[in-house]
Amino acid sequence: MLVLGGGGMRGFCHIGIVRAIERLGLRVDEVVGTSMGAVMGGLFAAGNDSHRMEEAAAEISLKEFFRLNLLKFLVRGYRHASVYKGSAFHSLLHKWLPHTSFAELQRPFFCNALSLTTGASRFFGMPGADAVKVADAVYASACLPTIFEPAAIGGDHYVDGGMTETLGLRIARARSADLVIAVDLSHRDQHAPTEFKATLPHILFQTYEVMGQALNEHNLHRYVDDRTVLIKPKVSHLPLLDMPDVREIVRIGEHEALQVLTTHPLTRYLCDAKVVEECERTITAPKDHVVLDVDMNACIHCGICAATCATAGFAAVPLGDVVRKLHNYECTRDMACERNCPTQAIRLGNL
């Protein structure tokens, strides 16, 4: 099962993930997507290869799809539902995903959205929620609150599924997947603070990003297990809603996926041997473990690292908390210890 996480325009790197999977000859039986991961996952589940997915991504432009609802703001002010018009984005989804139900897709596909009336997560594509048009469900999953108008489906209104779960590992667990390749876009440099800007878009987008990281921390703690291969592309330098260079971000996704999938013990021996041999020439270290490093001059032995780590990478001893395993093979890569360290003494390597 392939699980694609949310991340705004950074989600275009999912195209590179699919391209790597194609090169390696891996077979994907089911697809789960959240937010932009639902857009890319829906395209893949519909039978599009990575090149067709890249064509679809190239159609998205800030000028066309992020057009301000200026007139309605002038007339209705704060009573209006969104900053941008969602109609153009919705129309594009119907162009590329014209399917009237999930049963028409080439692969089983699932995406999540949040109901504004009940507060419940809706998993479109699952039994009882699979008759809806695929484009409508994908729009609901990618409908960032206040950015696009909420999706109206079956008398309810939905917003971005990433508000409660940015990576759909819960669906993977419910489907009893034998092997999960999960793509998490929440990676960022924890030691590089984001400059504050006293503007509504900056405060809104930064809040969404930080909230997503916190939610993802708990999600990874609970659902990453010995059947999960986690890929974390380095895309944090890209803004959430700025149009990236599509070819460059696809390259980033493909490179990261090739490094992980050809070295991880769960996937290495499933890959095309010739491609694995080619990739080995450029890989400096296998991606199946995380390295923990603590600056003991900065460490104040507060114990937060041991409290937040889900895999016992740190241990409490009489003299203070210490690194228990330098090579923590069970690390869920949620970066909780590094993000929450008050003195920035912790650094994680080989992510």
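Since the model is a prediction, treat every value here as computed from it, not as a measurement. Every chain's residues receive numbers from 1 upward, in the order its sequence appears when written. In view of the model being predicted, local features appear only for residues whose pLDDT reaches at least 70, and side-chain atom pairs are presented and counted only at 80 or more, with totals across whole chains, interfaces and linings using the full set of residues. Remark: hydrogens and water are excluded; side-chain values derive from all non-hydrogen atoms of the structure.

Novice: I'm lost on the overall build of the chain in this one. Help?
Specialist: What counts as a helix is a DSSP run of H or I of at least four residues, what counts as a strand is a run of E of at least two, and both are numbered from the N terminus. A count of helical and extended segments in the chain gives 13 helices and 13 strands. When a residue's accessible area, from a 1.4 Å probe over protein chains only, is under 20% of the maximum for its type it is buried; when over 50% it is exposed; and in between it is partly exposed. The buried share of the chain, taken over its 351 residues, is 54%. By sequence separation, contacts in the chain at least 24 residues apart represent 73% of the contacts at least 6 residues apart. Using a 1.4 Å probe, the Shrake-Rupley method yields the accessible areas, and only the shown protein chains count as cover for residues. For the chain, the accessible surface area stands at approximately 16200 Å², while carbon and sulfur atoms represent 55% of it. Contacts are assigned to residue pairs with any non-hydrogen atoms lying within 4.5 Å of each other.

Novice: Whenever I open this one, helix H11 (residues 273-280) confuses me. Can you help?
Specialist: At 3.6 residues per turn, the α-helix brings residues three or four places apart onto the same side. All of the buried residues in H11 are Val275, Val276 and Cys279. All buried residues of H11 fall inside an arc of 100 degrees around its axis, so they share one side. Turned more than 90 degrees off the buried face of H11, the exposed positions are Ala273 and Lys274. In this structure, the buried residues of H11 make contact with helix H1 (13-24) and helix H10 (246-261). What qualifies as a polar contact is a pair of N or O atoms within 3.5 Å, subject to a donor-acceptor requirement within protein and to the restriction that residues adjacent in sequence count only when both atoms come from side chains. N-cap assignment for H11: the residue whose side-chain oxygen lies 2.9 Å from the backbone N of Lys274 is Asp272. When we speak of the arc, we mean the arc of directions from the helix axis to the C-beta atoms.

Novice: Quick question: what am I supposed to make of the sheet that holds strand E13 (residues 346-349) here?
Specialist: Pairing between the strands of a sheet comes from backbone hydrogen bonds, and it takes one of two forms, parallel or antiparallel. Read from one edge of the open sheet, three strands run E12-E9-E13, paired in antiparallel fashion. For this open sheet the edge positions go to strand E12 (327-328) and E13, each flanked by a neighbour on one side alone. One requirement defines pairing of two strands: DSSP has to find at least two bridges between them. In the sheet, strand E9 (residues 290-294) pairs with E13 via four bridges, with the strands oriented antiparallel. By the bridge assignment, Asp293 is partnered in E13 with Arg347.

Novice: For this particular structure, what's the right way to read the state of the cysteines?
Specialist: Working definition: the covalent bond between the sulfur atoms of two cysteines is a disulfide. In this description, the term disulfide denotes a pair of cysteine sulfurs within 2.5 Å. Counted by the stated rule, this structure contains zero disulfides. Between Cys299, a free cysteine, and Cys305, which holds the nearest cysteine sulfur, the sulfur-to-sulfur gap is 6.4 Å.

Novice: Is there a simple way to explain the environment of Glu165 in this structure?
Specialist: Examined against the element boundaries, Glu165 turns out to sit in the loop between strand E6 (156-160) and helix H8 (169-174). On the basis of relative accessibility, which here comes to 4%, the residue Glu165 falls in the buried class. In this view, Glu165 contacts Thr34, Asn112, Phe123, Arg170 and Asn219; residues no more than four positions away in its chain are not counted.

Novice: Sorry if this is basic, but what is going on with the packing of aromatic side chains here?
Specialist: What characterises a pair of aromatic rings is the spacing of the ring centres plus the angle enclosed by the ring planes. Working definition: rings of Phe, Tyr and Trp (its six-membered ring) pair if their centres are within 6.5 Å, and the pair is stacked with planes under 30 degrees apart, edge-to-face with planes over 60 apart, and tilted otherwise. Inspection of every chain in the model, using the stated rule, returns five aromatic pairs. Both rings, one in Phe89 and one in Phe148, keep their centres 5.4 Å apart while their planes meet at 25 degrees; by these two values the pair is stacked. Of the two residues, Phe89 sits in helix H6 (residues 87-96) while Phe148 sits in the loop between helix H7 (134-141) and strand E5 (151-153), which places them 59 residues apart along the sequence. For Phe89, a relative accessible area of 6% corresponds to the buried category. Note on Phe102 and Phe109: the rings are 5.9 Å apart at their centroids and 15 degrees apart in plane angle, and the pair reads as stacked. Like Phe109, Phe102 is buried. The ring centre of Phe44 lies 4.1 Å from the NZ or CZ of Arg107, which sits over that ring. In this scheme, the term charge over a ring applies when either NZ of a lysine or CZ of an arginine sits within 6 Å of the ring centre and within 35 degrees of the ring normal.

Novice: Just to check I follow, could you spell out the nonpolar core for this structure?
Specialist: Looking at soluble globular proteins, one finds that nonpolar side chains tend to be buried together. To qualify as a nonpolar core, a set must consist of buried Ala, Val, Leu, Ile, Met, Phe, Trp, Tyr and Cys residues joined through side-chain atoms within 4.5 Å. Among the nonpolar cores identified, the biggest contains 71 residues, and Leu2, Phe12, Met40, Phe102, Phe109, Phe124 and Leu261 are the most heavily contacted of them. Here the element with the most residues in this core is H10; it accounts for eight residues. Setting aside anything within four residues of it in sequence, one finds Phe124 in contact with Phe102, Phe109, Phe110, Cys111, Ala113, Ala129, Val132, Ala137, Ala140, Ile153 and Tyr158. With 16 residues, the next largest nonpolar core counts Val32, Leu167, Leu169 and Val180 among its residues.

These results come straight from atomic positions and should not be treated as a statement about function.
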